[in-house]
Amino acid sequence: MSSDNKAILSVPTNIITGFLGVGKTSAILHLMKNKPENERWAVLVNEFGEIGVDGSLFQGQHSEGEKVFIQEVPGGCMCCAAGLPMQIALNQLLIEAKPDRLLIEPTGLGHPKEVLEVLSSEHYRDVLSLQKTLTLVDARKLSETRYTHHDTFNQQIAIADTVVGNKLDLYAEGDKALLEAYVKKHAHPDVKVLFARHGQIDFKEFEGETFMTQPHAHDHHHHHHHHGSKPLASEVPMPESGVLMAKNEGEGFESVGWRFSPDKVFDRKKLSLLLHDLDVERMKAVFITDDGVFGYNLSESNMLEMELDDCVESRIELIAQVVDVSFEDKLMGCLSS
């Protein structure tokens, strides 16, 4: 077990990856329900958008008192974040948490090969023990070329130790066989394929060493990240208006996110109606409402609302091929009077 007087060595580490909206966060939340009470777990989560919502969703359901520690790396795909920002966040998390297990969730638009390269570098060789990489896939997407022709989608399958066909309850006849055939063509020959509902994956599937210990040198992908050397929108002080917006783009998608000062309280009913009608690839949010604090998770017009213990401020992130920035006016119209 880790302790304050013990060096951080050979921390079992899993990468949980997969494309947008496939259920990575749900899988990690389910896994944490099975965490032994005496263990300290750490979660490093990367988001495509600059606002950063996943950290609030995790922290709203798990506290450090439960020995769960969260660190967020917002602001771009992993090929951008896998450099210095990722290493700084990872080092801070390891020092703070001294974890017995580390879970890493790259953004759905990130390149996990770069993450593997960082984690298997000499700097982390003694610190981390790389265990299985799990890639979640929604087999229904294999009929759409915007997925099967997307380099990131295929790379996520190529680096997997285990491919999980998630959302099994929504599959049609033939979807399972289609995924098995696709994995056979695009994945490592020793990869395991299993199926799950709602990200419910047995803990034993995370145990055991990865066979991807020496990933190939990655190609350099070109993306447009507007933050450059400026601080991320998740970190800058809130302006007097109490509203801050940030954009990002890359991999054929763009994100727009907003932060709202904590004094802005939203009407839960109006907000739920607005979010239900969204037509985007992905939406995640935490809001302070007149009924309490709630988290929202939307993919494929299926929205999950969950009550949270707390959050510092309201945040929302939208990802789509094109995001309508005028959505801010609609959000402001949901403020509680």
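Structural notes, computed from the coordinates. (Residues numbered from 1 in each chain as written. Predicted model: local features only at pLDDT ≥ 70, side-chain atom pairs only at ≥ 80, totals over all residues. Heavy atoms only, no water.)

## Quick word on the pattern of salt bridges
Inspection of every chain in the model, using the stated rule, returns eight salt bridges. One salt bridge in this structure joins Asp 138 and Arg 140, with 2.7 Å as the shortest N-O distance. Arg 146 is the salt-bridge partner of Glu 144, the closest N and O atoms lying 3.2 Å from each other. By relative accessible area, Glu 144 is classed as partly exposed at 28%. Judged by its relative accessible area of 35%, Arg 146 is partly exposed. Salt bridges sharing partners connect three or more residues here, namely Glu 144, Arg 146 and Glu 281. (Salt bridge = Lys/Arg side-chain N within 4 Å of Asp/Glu carboxyl O. Buried < 20%, exposed > 50% of the residue type's maximum accessible area, 1.4 Å probe, protein only.)

## Focus: the packing of helix α4 (residues 84–97) against helix α5 (residues 112–119)
For the pair α4 and α5, the least separation of the axes is 11 Å and the interaxial angle reads 55 degrees. Our classification of the angle between α4 and α5 gives oblique. Note on packing geometry: the crossing formed by α4 with α5 is right-handed. Where α4 abuts α5, its residues Met 86, Gln 87 and Leu 90 lie against Val 115, Val 118 and Leu 119. Counted by class, the contact of α4 with α5 contains five nonpolar, one polar and no charged residues. (Axes fitted to C-alpha atoms, helices over the stretch in contact; angles between N-to-C directions. Helix = DSSP H or I, 4+ residues; strand = E, 2+ residues; numbered from the N terminus. Parallel < 35°, antiparallel > 145°, perpendicular 65-115°, else oblique. Left-handed = near helix turned anticlockwise from the far one by under 90°. Contact = heavy atoms within 4.5 Å. Nonpolar A, V, L, I, M, F, W, Y, C, P; charged D, E, K, R; others polar.)

## Structural notes on unusual backbone geometry
A positive phi angle is found at Lys 98, which is not glycine, with a value near 45 degrees. Tracing the sequence through the fold places Lys 98 in the loop between α4 and β4 (101–105). A relative accessible area of 18% places Lys 98 in the buried class.

## Comments concerning the environment of Glu 72
Relative to the helices and strands, Glu 72 resides in strand β3 (residues 68–73). A C-alpha to C-alpha distance of 8.3 Å links Glu 72 and Val 43, two positions 29 residues apart in sequence. A polar atom in the side chain of Glu 72 sits 3.3 Å from the backbone nitrogen of Val 53. (Polar contact = N/O pair within 3.5 Å; in protein donor to acceptor, adjacent residues only side chain to side chain.)

## Some details on a negative patch on the surface
A cluster of like negative charges, contributed by Glu 66, Glu 307, Asp 309 and Asp 310, occupies part of the molecular surface. Taking the relative accessible area as the measure of exposure, Glu 307 reaches 58% and is therefore exposed. (Patch = residues over 30% accessible without salt bridge, like charges linked within 9 Å, V, L, I, M, F, W, Y side chains within 5 Å. Areas by Shrake-Rupley, 256 points an atom, 1.4 Å probe, with all protein chains shown as cover. Lys, Arg positive; Asp, Glu negative; His and termini not counted. Charge placed at Lys NZ, Arg CZ, Asp CG, Glu CD.)

## Details of the packing of aromatic side chains
Using the criterion set out here, one finds twelve aromatic pairs in the structure. Summarising the aromatic geometry, the rings of Phe 260 and Phe 266 are spaced 5.2 Å apart at their centres and angled 75 degrees between planes, so their arrangement reads as edge-to-face. Side by side, Phe 260 and Phe 266 carry an identical accessibility label, which is buried. With 4.8 Å between their ring centres and 65 degrees between their planes, Phe 266 and Phe 287 make a pair best called edge-to-face. Here Phe 266, found in the loop between β9 (253–260) and α9 (268–276), pairs with Phe 287, found in strand β10 (residues 282–289); they are 21 residues apart in sequence, far enough to count as distant. Phe 266 sits in the buried class, given a relative accessible area of 0%. Three or more aromatic residues link up through ring pairs in this structure, and these residues are Phe 19, Tyr 147, Phe 153, Tyr 182 and Phe 253. Sitting above the plane of the Phe 195 ring, Lys 176 keeps its charged end 4.8 Å from the centroid. (Phe/Tyr/Trp six-rings, centres within 6.5 Å; stacked < 30°, edge-to-face > 60°. Lys NZ or Arg CZ within 6 Å of the ring centre and 35° of its normal.)

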